[in-house]
Amino acid sequence: MPSIISIRGVSKTYASGLTALKSVNLDIHQGEILALLGPNGAGKTTLISIVCGIVNKSTGSVLVDGHDNVSDYRITRRLIGLVPQELHLSIFEKVWDTVRFSRQLYGKPHDDAYLEKILKQLSLWEKKDAKIMTLSGGMKRRVLIAKALAHEPRILFLDEPSAGVDVELRQDMWRVVRALRDTGVTIILTTHYIEEAEDLADRVGVINKGELILVEDKHALMDKLGQKQLTLELLKPLAKLPRKLAAYGLELAAQGKELVYRYDARNARHSMAEVLQALSAAKIAFGDLRTEQSTLEDIFMGLVKR
Amino acid sequence: MNWYGIWAIYRYEMARFFRTLGQSLVSPVISTVLYFVVFGAAIGSRIQDVSGVSYGAFIVPGLIMLSLLTQSISNASFGIYFPRFSGTIYEYLAAPVSALEMVLGFVGAAATKSIFIGLVILATSAFFVPFHVAHPLWMALFLLLTAITFSLFGFIIGLWADGFEKLQIIPLLIMTPLTFLGGSFYPISILPPFWHTVSLFNPVVYLVSGFRWSFNEVADVHVGVSLAMTLFFLGLCLAIVQWMFNTGYRLKN
C-alpha cells in the first residue's frame, strides 16, 4: 500500500528539556485507520502535533503525500484535518460561523452545501445557530470534528476522540470515522482505550516513553502476541496435577476445580485434541469448557511493561 | 498568498470588536472628554498659546496618539494572547497560513479598530476645541503607521506574555510613562536640557511630533525625522515578529 505520511527519525526535546519523542519512524498507509496506543505522556500528541505543524520537531523529516511538512507546509496542511484532544473552541461563536471560519482559514472558498452535509452527518445541523457555550461536551467534540473536516482533508488526525465521551456518542463517532474511511480518508487516532483500537483500526502502533515500540496489522498483532486459554471445569476437583498431564503444560486453578491450558494462537505446543485425549487417558472428566483469547489490552499491557 | 485565511482572521477579530462596540468606544471617548475638561478647559485656559496654537488645540493630536497607542497595543496583544490562552491557537498553527498572513489578519484588525477609535476621538475633540488639519494626508499616514507599528508591538507582547498579568504590565509600566513623557501635553522644548535630551530617546516623541505637525505645523523635531523613526520602529517590530515565528517562540516549542 502506498504511504501517505512518512515519518523518518523524528525526535522532539521541548524547551523545558523534556524528551517527548526519540527518533520515530512510521509509514501511514493511504486509506487506513491507524490507532496509536500509549499511556498518558507517551508522546502520541507530540507526534501528531509535529505532523500537523503545531510543534517544531528537533530532528528528522515528515513527508505528507511526498511533500515536506515544513518547506511545503501549504500543501501538506491543506491535506490534513486535526481534531485536538481538548475542547478548544471559541465559546461565544455560533456553530455555523466557526465551521465556516475553519474552511476559510484553510484557504477554501465558501461551500455551504458541503458544510451542511458535514453538519448533518455529525447530527449538528439542528444546532447550527446555537452558540458553542450552550452545547454539551459531546456536541462540542462533534463541532471540532466538523471544523477539522471543513476544508475537505484527505487525512484526519483524531487526538483522543473519545476522552470524556459517553458510550452512545462514542459508537456514533466510530460510525462517522468508518464512513469517512469509506470515502478514502486516511485516519490516525490516538487513544488509550484499547477497545477503540480493537474495534476501529486496521493497524495499531504502540508508543511508550517516546518510542514507537511496534506497528502491526491489528489481526497479525493479535495472532502473533495473542494468548489463548482453554479452561476445563472438572467434575471432581483434583488435589494435584497428574505427572503425565504436567508435561502438556496444564495448570490447576480454582482450588483444583479447573484445569487451564494456555497456548499461543499460532504455536501451540500441543493440539487441543492431544490435550483432550491425554485427559481422557488419565480418566479426568470435565463438565464444561471455555476458551478465551487475549485482547489488545492484554497485549498492550504486556508491551508497555517490558 | 492565502487571502481567504487572512480575511477569515481579520473578520473574526473585527466581529469581536463589533460585538462589544459600546464598550470599545465608550471608555476611550470618556477618558478623552475628561482630558479636555481638565487640561483643555480647567487648566488650559490659564496656559499660554503654544507657538501660536491654543493649548486646547495643541493637545488634540497628543490625545489621539495616546488612545491610538494604548488601543493598538491592547487590541493586538489580547487578539493573539486569547487564542493562546484558550487553546484555539492550534487551528491557526495547523492551517496553511504563513507568519505574514497571520500578522496581516491579527495586526490589520487591531490597527483598523484603533484607527476607528482615533477618528471617533478626533470627532469628539471637535466638540470641545476648534482645530484644523493642515496636512490631512500626512495625518492619515501617521495615523496608519502608528496604528500598525503599535499593533505589531502589541502582537509581540501577546506572543510573549504567559499570563494576563504580563499582558497588562508592559502597557502600564512602559507605555504610560512613554506617552506621558512623549510630549502629548507639552512641547518637549520647555523641558530642562537634560530631560529634553532624554526625551529624544523616547519613540513616542517622534510619533506625537509628526502627528502634531500634520495638524498645525508645530513640531518638536522635523517631520522627516518623525517619519524615519516611525518606520524604523515599524521595521524593528516586524523583525522581532519574524524571529518569533521562525523560531516558534512561545508557539511551537
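Structure's up top.
Residues numbered from 1 in each chain as written. Chains lettered and ligands numbered in written order. Predicted model: local features only at pLDDT ≥ 70, side-chain atom pairs only at ≥ 80, totals over all residues. Heavy atoms only, no water.

**What to know about helix H3 (residues 95-105) of chain A**
Argument step 1. Among the 11 residues in H3(A), 10 count as buried, and that is most of the element.
Argument step 2. For H3(A), the complete set of buried residues consists of A:Val95, A:Trp96, A:Thr98, A:Val99, A:Arg100, A:Phe101, A:Ser102, A:Arg103, A:Gln104 and A:Leu105.
Argument step 3. Here the buried face of H3(A) lies against helix H4 (112-121) and helix H5 (137-149) of chain A together with helix H1 (3-19) and helix H4 (89-94) of chain B.
Argument step 4. Positive phi shows up at A:Gly107, right after H3(A), with a value of about 80 degrees. (Buried < 20%, exposed > 50% of the residue type's maximum accessible area, 1.4 Å probe, protein only. Helix = DSSP H or I, 4+ residues; strand = E, 2+ residues; numbered from the N terminus. Contact = heavy atoms within 4.5 Å.)

**What to know about the interface of chain B and chain A**
Argument step 1. Counting residues at the interface gives 27 residues for chain B, matched by 29 residues for chain A.
Argument step 2. Overall, the association of chain B and chain A removes approximately 2600 Å² of surface from exposure, summing both partners, and the carbon and sulfur fraction of that is 55%.
Argument step 3. At the junction of chain B and chain A, the tally comes to 2 salt bridges.
Argument step 4. The partner of A:Arg74 in a salt bridge is B:Glu101, with the nearest N and O atoms 2.7 Å apart.
Argument step 5. Those elements that place two or more of their residues in the side of chain B that touches chain A are H1 and H4 of chain B. (Buried area = accessible area lost by both parts, 1.4 Å probe. Salt bridge = Lys/Arg side-chain N within 4 Å of Asp/Glu carboxyl O.)

**A look at the environment of A:Glu86**
Argument step 1. Tracing the chain through its elements places A:Glu86 in the loop between strand S6 (80-83) and H3.
Argument step 2. Along the chain, A:Glu86 and A:Leu144 lie 58 residues apart, while their C-alpha atoms are 9.6 Å from each other.

**Re the pairing of strand S10 (residues 211-217) of chain A**
All names here are of chain A.
Argument step 1. Taken together, the 6 bridges between strand S9 (residues 203-208) and S10 define a ladder with antiparallel strand orientation. Residue pairing across strands places arginine 203 opposite aspartate 217, the latter belonging to S10.
Argument step 2. Adjacent in sequence and paired antiparallel, S9 and S10 are bridged by 2 residues, among which lysine 209 carries a positive phi angle near 45 degrees. (Pairing = 2+ DSSP bridges.)

**Some thoughts on the packing of helix H2 (residues 21-43) of chain B against helix H3 (residues 55-86) of chain B**
Residue and element names in this part refer to chain B.
Argument step 1. Two numbers describe how H2 lies on H3: the axes approach to 11 Å, and their chain directions differ by 150 degrees. Comparing their axes, H3 and H2 come out roughly antiparallel. For the pair H2 and H3, the crossing hand works out as right-handed. Along the contact surface, H2 presents Pro28, Thr32, Tyr35, Phe36, Phe39 and Gly40, while H3 presents Tyr55, Gly56, Ile59, Val60, Leu63, Leu66, Ser67 and Gln71.
Argument step 2. Class assignment for the residues of the contact of H2 with H3 results in 9 nonpolar, 5 polar and no charged. (Axes fitted to C-alpha atoms, helices over the stretch in contact; angles between N-to-C directions. Parallel < 35°, antiparallel > 145°, perpendicular 65-115°, else oblique. Left-handed = near helix turned anticlockwise from the far one by under 90°. Nonpolar A, V, L, I, M, F, W, Y, C, P; charged D, E, K, R; others polar.)

**Concerning the packing of H3(B) against helix H6 (residues 136-160) of chain B**
Residues and elements named next belong to chain B.
Argument step 1. Where H3 contacts H6, the two axes come as close as 7 Å, and the packing angle between them is 35 degrees. Here H3 and H6 pass one another in a crossing that is right-handed.
Argument step 2. The class makeup of the residues in the contact of H3 with H6 is 17 nonpolar, 6 polar and 1 charged.

**A few points about the layout of surface pockets**
Argument step 1. Of the voids in this model, the largest pocket is the one considered here, and its volume is about 960 Å³.
Argument step 2. Looking at the largest pocket, it is lined by 41 residues, and the ones nearest its centre are B:Arg16, B:Ser74, B:Asn75, B:Phe78 and B:Gly79.
Argument step 3. At the level of secondary structure, the elements contributing two or more residues to the lining of the largest pocket comprise H3 of chain A together with H1, H2, H3, H4 and helix H7 (164-180) of chain B.
Argument step 4. Tallying contributions element by element places H3(B) first for the lining of the largest pocket, with 12 residues.
Argument step 5. Of the residues that constitute the lining of the largest pocket, the class distribution is 17 nonpolar, 17 polar and 7 charged.
Argument step 6. By volume, the second largest pocket is sized at about 570 Å³.
Argument step 7. Surrounding the second largest pocket, 20 residues form its lining, A:Ile54, A:Val55, A:His88, B:Ile89 and B:Tyr90 being those nearest its centre.
Argument step 8. When residues of the lining of the second largest pocket are traced back to their parent elements, those giving at least two are helix H1 (44-52) of chain A together with H4 of chain B.
Argument step 9. The class makeup of the residues in the lining of the second largest pocket is 9 nonpolar, 6 polar and 5 charged. (1 Å grid on protein atoms, 1.4 Å probe; cavity = no way out; pocket = protein on both sides within 12 Å on 5 of 7 lines; lining within 4 Å. Points joined across faces, edges and corners; volume = space filled by probe spheres on them.)

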